[in-house]
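The residues making up each chain are set out below.
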Amino acid sequence: MLIKGTVLYKTGKYNGAIDAFDGALESMSEKTSEEKLDTWIKSYGINYRYALKFKAFSLCKLGRYREALNALDEISAIYPEDPEIESHKNMLQTLENERLIRRTGSIQDQPPKHPGIWERRGKSSYKLGKYEEAVKEFDRCLESNPKDADILRNKGSALYMLGRYEEAIEAFNKSLELNPRDADAWNLKGSTLYMIGRPEEALRALDKALQRNPNIFEAWFNKGSILFELGKYKQALSAVENALRINAEDINALTLKTSILSGLKQDEK
């Protein structure tokens, strides 16, 4: 279930990832007596921490910040001095606070005069997970500069995070018309096409990304994930090995490779 959850998370299927991680967590419940806790941590602690961590990340991607915080709090109960988890909790608390605080004025109340300000606002909103606001701010920037390929790509990325995939593809297409050599835009378009059930087109887009920049880890990983789900294990293995060439220690790529090798073994039987 950990492998399934990881693949679903990396391909943007966050609800499915949450279900998979919940299934993994149920199979290794942490409920035990204090005297047996050390033994449990040695046996299950790392995987339990991993499942909770990526469940929290999936919840965060869906804007469910309070639930994500609760998942990280469970990790803190077992690993009370984990600086990485504390950092994630601080970030999520900021996002939750931003959501709860009512803004004193709307965007229209105080319109900036320079489009660069809208761009900076859009990027800031995006980093905070405020994707609806980011889209609006990128749109205001595009009013004065409709042929800015980078802003169109950023808008597409925000739409992707909102699950508005058709609109995201439209934004990526406009961006690529202006700058067809943008490997990041091709990569994002590929991920989006896969989300709406067009895997073959997604693979073509990812290949175009990699033709322009063969060192994009995410493009290789996404390609490997798609090929894996299509049952094309040999091609998937080649793709994930390229991803590991770029980042040999990435836990998600290593997990995907293990899953692919398992699939190859099943085919050989």
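What you see is a predicted model; the values in this text were computed from it and never measured.

Trainee: Is there a simple way to explain the overall build of the protein in this structure?
Mentor: Assigned secondary structure in the protein consists of 14 helices and zero strands. Counting from the amino terminus, helix and strand elements in the protein follow one another as α-α-α-α-α-α-α-α-α-α-α-α-α-α. Counting over 269 residues, the protein shows a buried share of 48%. Surface accessibility of the protein: about 14,600 Å² in total, with carbon and sulfur atoms responsible for 48%.

Trainee: Which parts of the structure should I look at to understand helix α2 (residues 14-27)?
Mentor: Each α-helix winds once per 3.6 residues, and so residues spaced three or four apart point in a common direction. Under the 1.5 Å per step criterion, the end-to-end length of α2 is 20 Å for 14 residues, consistent within 8% with the ideal 20 Å. Every buried residue belonging to α2 is among Tyr14, Ala17, Ile18, Ala20, Phe21, Ala24 and Leu25, and all of these are buried. Projected down its long axis, α2 carries its buried residues within an arc of 165 degrees, all on one side. Exposed and facing more than 90 degrees away from the buried side of α2 are Asp19, Glu26 and Ser27.

Trainee: When you look at the confidence of the model for the protein in this model, what are you seeing that I'm missing?
Mentor: The predicted coordinates should not be examined in detail at positions where pLDDT is low. Mean pLDDT over the protein stands at 82; residues scoring 70 or higher make up 81%. For the protein, the element scoring lowest by mean pLDDT is helix α5 (residues 83-100), at 70; helix α9 (residues 165-178) scores highest, at 96. The low-confidence segment residues 101-113, where pLDDT is below 50, has 13 contacts with residues more than four positions distant or belonging to other chains.

Trainee: I would appreciate a short explanation of the packing of aromatic side chains in the present structure.
Mentor: For any pair of aromatic rings, geometry is given as the distance between the ring centres together with the angle between the planes. Across all of its chains, the model carries eleven aromatic pairs by this definition. Ring geometry for Phe21 and Tyr50: centres 6.5 Å apart, planes at 70 degrees, overall edge-to-face. With Phe21 in helix α2 and Tyr50 in helix α3 (residues 37-61), this pair connects stretches of sequence that are 29 residues apart. Both residues of the pair, Phe21 and Tyr50, count as buried. Counting every residue linked through ring pairs, the aromatic cluster contains Tyr9, Tyr14, Phe21, Tyr50, Phe54 and Phe57. Across from the ring centre of Phe221, 5.1 Å away, lies the NZ or CZ of Lys10, which sits over that ring.

Calculation criteria
- Residues numbered from 1 in each chain as written.
- Predicted model: local features only at pLDDT ≥ 70, side-chain atom pairs only at ≥ 80, totals over all residues.
- Heavy atoms only, no water.
- Helix = DSSP H or I, 4+ residues; strand = E, 2+ residues; numbered from the N terminus.
- Buried < 20%, exposed > 50% of the residue type's maximum accessible area, 1.4 Å probe, protein only.
- Areas by Shrake-Rupley, 256 points an atom, 1.4 Å probe, with all protein chains shown as cover.
- Expected span 1.5 Å × (residues − 1).
- Arc of directions from axis to C-beta.
- pLDDT = per-residue confidence, 0-100.
- Contact = heavy atoms within 4.5 Å.
- Phe/Tyr/Trp six-rings, centres within 6.5 Å; stacked < 30°, edge-to-face > 60°.
- Lys NZ or Arg CZ within 6 Å of the ring centre and 35° of its normal.

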